[in-house]
Amino acid sequence: MPLSATLPDDADVVIRIRGLANRFGRQTVHENLDLDVRRGEILGLVGGSGSGKSVLMRSIIGLRPPQAGSITILGQDPATLGPEATRDLRRRWGVLFQEGALFSALTVAENIEVPMREFLNLPPALMDELAGYKVQMVGLPPDAGAKYPSQLSGGMKKRAGLARALALDPLLLFLDEPTAGLDPISAAAFDDLIRVLKETLGLTIFLITHDLDTLHAICDRVAVLGDKHVLAAGTIAELLQFDHPWVQEYFAGPRGRAALANPQQAA
Amino acid sequence: MARLPAIIAAMGNVLDFSADQAAGGFTRIAFSGRLTMAHIAQVTDGVRAIAPTAPGLVIDLAGVERIDTAGAWIVHRLEATWAAAGLPVQLASASPEAQRLIAEVARNDEPIPCRPPPGRALVDRLERMGRAVVAQTDSIGNFIGFLGQVLVAAGGTLIGRRRLRGHAVIHQCEAVGVTALPIVALLLFLVGLVVAQQGAVQLRQFGAEIFTVNLIGRATTRELGILLTAIMVAGRSGSAFAAQIGSMKLNQEVDALATIGLSPIEVLVLPRVIACAIMLLLLAFFGSLMALVGGGVFAWVQLDLPPGAYILRLQEVTPLSDFVIGMIKAPVFGTIIALMGCFHGLQVTGNAESVGQRTTQAVVEAIFVVIVFDAFFAYFFSFLGYN
């Protein structure tokens with residue numbers, strides 16, 4: 001079944017979620033949620049407001065322990081690991097939060113050096129060099145390295161946040177609404193950047209977005225969250241065939257059609 | 001035991017390099033193991049210490065198990081250094097992944113400043129001092145402006161041109177006053193107890209223990225009861241005002257109010273000031289009472305003075321003026337606390353750090369000004385003859 005939320009058992013899977021449940025008091029956000037993310041793909045997660053996209057991401061990256069179910073990342077279940085092993089596992093993914101979540105008391109370059117300082121024992125001069133090429137890799141101008149987050153525009157903050165997420169060369173990247181709040185030109189440039197970085201660094205990317213252009217431009221597969229679980233996962237072409245009112249409304253509505261009409265615009 | 005050397009050898013081999021001569025006299029640097037960020041610190045200094053020598057360099061990556069951008073960076077810098085010396089560099093046995101990563105970091109090789117330039121110590125210090133003076137002066141001006149706005153709003157409410165927001169006042173009264181009752185009761189009860197105990201110890205030396213009641217009655221109703229309640233309210237509610245209004249400012253709620261045509265002073269500040277003034281009056285009364293109770297308990301238990309006699313004695317030695325002076329001061333202190341809290345809340349700009357800073361400032365300045373006013377009142381009333 002092409003639209004199944006889970007992949008066959010022999011697929012090369014980086015994140016495997018089975019039977020996940022998340023509840024806030026009496027309110028159930030997720031119930032019996034299954035999802036697989038294949039190695040080297042960009043998986044887009046969409047869903048209505050309040051469908052629990054961010055909660056799902058927080059569960060995966062370990063900021064919120066789920067009430068039930070298992071999450072296996074890179075073959076390991078963080079819930080069963082000790083603190084040391086969890087730390088080691090966390091080094092292998094990077095997270096870009098919605099507003100960048102940069103530490104406001106540090107410059108951009110120092111922000112990028114924070115994970116290096118925390119996890120590795122590198123000489124300061126070498127860290128500055130490494131932070132330097134990361135700053136350029138995400139397309140920031142050279143003078144941005146010494147700037148403080150409050151001196152940056154929204155788009156630059158996201159790029160700086162991305163550079164920090166990439167500081168330790170992670171295998172996995174989580175992006176929460178990377179293009180929200182950016183103008184269309186910056187958003188398209190950011191989409192481009194994500195795709196290029198994925199190809200050069202061999203990343204697997206888990207991406208939450210509302211941006212239909214982003215979905216069309218860079219996502220290999222899209223998972224739809226609704227009714228407390230993943231309704232379907234597949235390419236956009238496959239999802240267009242999926243008979244569910246929300247999914248049809250989402251992809252075949254006026255905005256969805258507009259994005260579909262020129263899928264090359266962001267490329 | 002036989003396994004140990006093998007393990008050490010394996011650990012030593014996580015990343016290593018060797019330098020020797022290749023064909024044609026080229027220097028050959030061969031990396032082996034994991035050329036990744038976690039390990040490059042072991043080899044960076046070593047490979048960078050090899051000075052460029054003719055005829056050139058061969059970098060051999062045949063033994064590399066894994067490479068990331070940090071490893072690629074080391075290789076690239078090595079290439080760049082030798083190339084800058086005018087010597088040819090060859091890359092041998094690089095995997096496609098290694099080539100891709102090296103090309104990627106090579107594209108992004110420009111020296112980047114990581115922190116702002118340090119600047120000149122003396123000039124910077126002078127500049128900081130100057131800025132602090134200017135900021136302080138600005139702050140005084142802002143406060144006077146704020147005070148004027150509050151007075152205009154209060155005047156407008158008094159003559160009926162503006163509406164008093166009764167609901168907001170009641171709500172704030174509850175937050176400032178009712179919920180503070182238990183903590184004020186406990187605090188002032190203990191203070192009464194302590195004053196009585198310390199007083200009794202000193203007065204016993206003169207055989208004048210009965211004057212402990214004078215001490216409790218006069219000190220608490222006129223000074224301690226009021227001042228300590230005010231400090232408590234500054235800590236509880238002054239900080240809350242600053243933080244609430246500050247986060248509303250960050251959230252643009254204050255702008256939204258102004259856009260709708262509501263005055264933030266009228267909606268946010270005035271109810272808090274009125275509520276805080278009324279509630280500090282009532283709390284101070286209640287607090288003084290609790291201090292008297294605390295003192296009474298001590299007198300009963302330690303001085304064998306029964307409650308009836310204690311109350312009678314209190315009535316004899318505590319002039320009504322002490323109580324009235326206390327009750328005059330309380331609403332003034334309440335107004336000061338609320339004004340400071342609201343003022344600093346409205347001064348919040350930018351980020352969450354500013355909220356914390358302004359909240360601290362609100363509490364510190366409120367307590368400071370309250371104590372200054374208390375000293376003023378003490379002098380003023382004794383000048384009028386109320387000793």
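Note that the structure is predicted; figures quoted are calculated from it, not measured.

Some remarks on the overall build of chain B
And then number 1: Regarding its fold elements, chain B presents 13 helices and four strands.
And then number 2: Computed over the C-alpha atoms, the radius of gyration of chain B is 37 Å, more than 25% above the 21 Å expected from 2.2 N^0.38 for a compact globule of 387 residues.
And then number 3: Residues classed as buried in chain B amount to 36% of the 387 residues present.
And then number 4: Considering only contacts in chain B between residues 6 or more positions apart, those separated by 24 or more positions represent 83%.

Some remarks on the sheet that holds strand β7 (residues 204-208) of chain A
Residue and element names in this part refer to chain A.
And then number 1: Within the open sheet, the six strands sit side by side as β5-β6-β7-β3-β8-β9. Their pairing is mixed. Strands at the two margins of the open sheet, each flanked by one partner only, are β5 (93-96) and β9 (229-234). Across this sheet, the average inter-strand angle for adjacent strands is 15°, counted without regard to direction.

Focus: the interface of chain B and chain A
And then number 1: Contacts between chain B and chain A engage 24 residues on the former and 25 residues on the latter.
And then number 2: Of all elements in the fold, only α2 (41-49), α3 (69-84) and α4 (96-107) of chain B reach the threshold of two or more residues within the side of chain B that touches chain A.
And then number 3: Within the side of chain B that touches chain A, the residues separate by chemical class into twelve nonpolar, five polar and seven charged.

Overview of the domain arrangement of chain B
And then number 1: The domains assigned to chain B are domain 1 (15-107) and domain 2 (137-383).
And then number 2: Centre-to-centre, using C-alpha coordinates, domain 1 of chain B lies 71 Å away from domain 2 of chain B.

Observations concerning unusual backbone geometry
And then number 1: Even without glycine at this site, Lys 228 of chain A takes up a positive phi of about 70°.
And then number 2: In this structure, Lys 228 of chain A sits in the loop between β8 (221-226) and β9.
And then number 3: The residue Asp 304 of chain B is not glycine, and still its phi comes out positive at about 55°.
And then number 4: Mapped onto the fold, Asp 304 of chain B is located in the loop between α10 (264-302) and α11 (307-317).

Focus: the pairing of β8 of chain A
Residues and elements named next belong to chain A.
And then number 1: Bridge count for strand β3 (residues 42-47) against β8 is five bridges, and the pairing is parallel. From the neighbouring strand, Gly 44 faces β8, where its bridge partner is Val 222.
And then number 2: Examined bridge by bridge, β8 and β9 share five bridges and lie antiparallel to one another. Residue Ala 223 lies in a different strand from β9, and its bridge partner there is Ala 233.
And then number 3: Linking β8 back to β9 in an antiparallel pair, the connection comprises two residues, with Asp 227 at a positive phi of about 50°.

Re helix α7 (residues 181-204) of chain B
All names here are of chain B.
And then number 1: Taking 1.5 Å per residue as the helical rise, α7 with its 24 residues ought to reach 34 Å, and the 34 Å between its terminal C-alpha atoms agrees with that figure.
And then number 2: Among the residues making up α7, those that are buried are Val 184, Leu 188, Val 191, Gly 192, Leu 193, Val 195, Ala 196, Gly 199 and Ala 200.
And then number 3: Against α8 (212-250) and α10 lie the buried residues of α7.

Section: the environment of Leu 43 of chain A
All names here are of chain A.
And then number 1: Inspection of the secondary structure assignment puts Leu 43 in strand β3.
And then number 2: The spacing of Leu 43 and Leu 207 is 164 residues in sequence and 6.0 Å in space, taken between C-alpha atoms.
And then number 3: Leu 43 has contacts with Val 37, Phe 206, Leu 207, Cys 219, Asp 220, Arg 221 and Ala 223, leaving out every residue within four places of it along the chain.

Considerations on the sheet that holds strand β3 (residues 57-67) of chain B
Residue and element names in this part refer to chain B.
And then number 1: Overall, mixed pairing links the four strands, which are arranged β1-β2-β3-β4 in an open sheet. Edge positions in the sheet fall to β1 (15-21) and β4 (89-92), since each has one partner strand and no second. Averaged over all adjacent pairs, the angle separating strand axes in this sheet is 15°, with direction ignored.
And then number 2: Note: strand β2 (residues 27-35) against β3, eight bridges, orientation parallel.

Rules used throughout
Residues numbered from 1 in each chain as written. Chains lettered and ligands numbered in written order. Predicted model: local features only at pLDDT ≥ 70, side-chain atom pairs only at ≥ 80, totals over all residues. Helix = DSSP H or I, 4+ residues; strand = E, 2+ residues; numbered from the N terminus. Rg over C-alpha atoms; globule rule 2.2 N^0.38 Å. Buried ≥ 20, exposed ≤ 12 C-beta atoms within 10 Å, placed from the backbone. Contact = placed C-beta atoms within 7 Å. Pairing = 2+ DSSP bridges. Axes fitted to C-alpha atoms, helices over the stretch in contact; angles between N-to-C directions. Nonpolar A, V, L, I, M, F, W, Y, C, P; charged D, E, K, R; others polar. Domains from an automatic or database assignment. Expected span 1.5 Å × (residues − 1).

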